[in-house]
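Here is what each chain is made of, one letter per residue.
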Amino acid sequence: MSFRKILKKFNVAGQCQSYGLSLWQCPQFLFLIMGLIIIASTLSAYAIGTKYLGDPFLAALVTIAVTFALFVIAFVIVQSFDKLAEVSRTKSEFISIISHQLRSPLSNLKWAVEILMSGRLGQLADKQTEYFKILKENSSRMHELINDLLTVSRIETAKIPFKKEEFSLREMIESLVSEFRSFAESSNVQIKVLMDDAENPFRIFNDPRQLRQVIENLLDNAVRYIKDKGEVILEIKNYKNRLCLKIIDNGVGIPKADRKYIFQKFFRSESALRHQTEGSGLGLYIAKAIIERLGGKIKFSSQEGRGSTFWITIPMKS
Amino acid sequence: MKQILIIEDESALQKSLGEVLSQEGYNVAAALDGEIGLRLAQNEKPDLILLDLILPKLNGLEVLKKLKEDKTTKEIPVLVLTNLEGLAEIDKVLELGAVSYLVKAQYKLEEVVEKIKNTIDK
């Protein structure tokens, strides 16, 4: 291994970044720290040994042997961490490539179905429209799933694009609610927004795209898991220069046993499965990862059969 | 009749976009790779170009760069239509002078047609 390669190997920050890990979770950095500790303890062991043992040669030999053994153990442990990190990174990259490849044929399918349904190529019979609707709905479900998988792979490889700017939260909420209106109405759900009137236009400085995705995920869950008929309340406040946003629903709620798992990837609560077959189990995982990246927190409380409240707090200016 | 050039390697997408744009009264020309697309743009001088980014032979960014360097084509509005959505690509495309950046997966066909009409009829 050339000196340049060795140096490259020690490009700790770069390597850790490519794994999407913080320094204290990164194998290379841990190895470096372990190496430094071993060197320090070896030197002190030698110093103590020569002072208190009669034969300095024996002390040096024992110290070298122990050091070598520690180095080998440390190296093996770190190598295995390294392999695990590499496997995880490859998996995320694989998901990303596959998702990109899937998007093109799906876009083709979506637009072709749209042309057929638009009546531009001739009117359709009711039965035909019904089946084209099934095609359309399922292709958009696949789109959503692919988008979620792409977001997950970006989160895991630390490549999620963040761009902070000033924007009006009021405008964002209004457009989101109007986007959800028909879905909510078809599920017999009313969406109510409670926003402090003094905060107009409620300007904040953060990433509007990412924040919108989080609110979208939470709102979608809230509406989706209401049985028969209900109400979703969005309560938005400026609390000590932090944006505090609550989404309250009176839906099926989350069973006690499932609560510790709900932010895990692909986890779907039993009550959710009973109530809804659709869904990937990625929405809350994505929401939590994004909110933490935006410098905020996400929490919830829930009562089975009575509903759930999710709240997020993020800095108004970060 | 105004002309639109579609530079897109997905023939299915070319077909559906072309169909709707022809119905809307535009003359549609199409290219499946960057090199042919650039040549067509230089020869035909269309009123608008729809450009994909991932293209064989010459990628979309290179095509855009060459279009904007050429005196005869630099005024033609270019709408980038792609499935890439990295911030770096968006910034690069807008910096090179494209009118707008549309992610295919996020738009309905009719919305794309509306954007095209708004740009070309300005």
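Quick look at the structure, then. (Residues numbered from 1 in each chain as written. Chains lettered and ligands numbered in written order. Predicted model: local features only at pLDDT ≥ 70, side-chain atom pairs only at ≥ 80, totals over all residues. Heavy atoms only, no water.)

Some details on the overall build of chain A
The number of helices and strands found in chain A is nine helices and seven strands. Looking at chain A alone, contacts between residues at least 24 apart form 69% of all its contacts between residues at least 6 apart. For chain A, the accessible area works out to roughly 18,700 Å², and carbon and sulfur atoms hold 59% of it. (Helix = DSSP H or I, 4+ residues; strand = E, 2+ residues; numbered from the N terminus. Contact = heavy atoms within 4.5 Å. Areas by Shrake-Rupley, 256 points an atom, 1.4 Å probe, with all protein chains shown as cover.)

As for the overall build of chain B
Counting its secondary structure elements, chain B contains five helices and five strands. The order of α-helices and β-strands along chain B, N terminus first, is β-α-β-α-β-α-β-α-β-α. Within the structure as shown, chain B displays about 5,700 Å² of accessible surface, and the carbon and sulfur contribution to it stands at 47%.

Points about the sheet that holds strand E2 (residues 27–31) of chain B
All names here are of chain B. With respect to topology, five strands assemble into an open sheet ordered E2-E1-E3-E4-E5, the strand pairing being parallel. On the outer flanks of this sheet lie E2 and strand E5 (100–103), each paired with one strand and no other. Averaged over all pairs of adjacent strands, the angle between their axes in this sheet comes to 20°, without regard to strand direction. Examined bridge by bridge, strand E4 (residues 78–82) and E5 share four bridges and lie parallel to one another. Across the sheet, the residue bridging to Thr 82 is Val 103, located in E5. (Pairing = 2+ DSSP bridges. Axes fitted to C-alpha atoms, helices over the stretch in contact; angles between N-to-C directions.)

A few points about the nonpolar core
Among the nonpolar cores identified, the biggest contains 47 residues, and Leu169(A), Ile173(A), Leu211(A), Ile215(A), Ile236(A), Leu243(A) and Ile247(A) are the most heavily contacted of them. Broken down by secondary-structure element, the contributors of at least two residues to this core are helix H5 (126–156), helix H6 (169–186), strand E2 (189–195), helix H7 (208–224), strand E4 (230–239), strand E5 (242–249), helix H9 (283–293) and strand E7 (307–315) of chain A. Sequence-distant contacts of Ile173(A), defined by excluding residues within four places in its chain, comprise Val193(A), Met195(A), Ile215(A), Leu234(A), Ile236(A) and Leu245(A). Within the second largest apolar cluster, 25 residues are counted, among which are Ala29(B), Leu38(B), Leu67(B) and Val80(B). (Core = buried A, V, L, I, M, F, W, Y, C linked by side-chain atoms within 4.5 Å. Buried < 20%, exposed > 50% of the residue type's maximum accessible area, 1.4 Å probe, protein only.)

Looking at the interface of chain B and chain A
Opposite the 24 residues of chain B that make contact, chain A presents 18 residues. Summing the contributions of chain B and of chain A, the shared interface buries around 2,000 Å²; its carbon and sulfur component is 52%. Joining chain B to chain A, the criterion identifies three salt bridges. Lys163(A) serves as the salt-bridge partner of Asp91(B), at 3.4 Å between the closest nitrogen and oxygen. No other element matches helix H1 (residues 11–23) of chain B, which puts seven residues into the side of chain B that touches chain A. Class assignment for the residues of the side of chain B that touches chain A results in 13 nonpolar, three polar and eight charged. (Buried area = accessible area lost by both parts, 1.4 Å probe. Salt bridge = Lys/Arg side-chain N within 4 Å of Asp/Glu carboxyl O. Nonpolar A, V, L, I, M, F, W, Y, C, P; charged D, E, K, R; others polar.)

Re the environment of Asp47(B)
Residue and element names in this part refer to chain B. Residue position: Asp 47 is located in the loop between helix H2 (34–44) and strand E3 (48–51). Residues Asp 47 and Gln 3, spaced 44 residues apart in sequence, show a C-alpha to C-alpha distance of 5.4 Å. Excluding residues within four positions of it along the chain, Asp 47 makes contact with Lys 2, Gln 3, Ile 76, Pro 77 and Ile 120. Within the local environment of Asp 47, its side chain forms a polar contact with the backbone nitrogen of Gln 3, the two atoms lying 2.7 Å apart. (Polar contact = N/O pair within 3.5 Å; in protein donor to acceptor, adjacent residues only side chain to side chain.)

Brief notes about the packing of aromatic side chains
All names here are of chain A. The tally for this structure, following the rule as stated, stands at four aromatic pairs over all chains. For the ring pair Phe 263 and Phe 300, a centre distance of 5.9 Å and an interplane angle of 70° mean the geometry is edge-to-face. Of this pair, Phe 263 sits in the loop between E5 and helix H8 (270–275) while Phe 300 sits in strand E6 (residues 297–303), and the two are 37 residues apart along the sequence. Each ring, one from Phe 300 and one from Phe 310, has its centre 5.3 Å from the other, and the planes form 20°; the classification is stacked. Of this pair, Phe 300 sits in strand E6 while Phe 310 is found in strand E7, placing the two residues ten residues apart along the sequence. (Phe/Tyr/Trp six-rings, centres within 6.5 Å; stacked < 30°, edge-to-face > 60°.)

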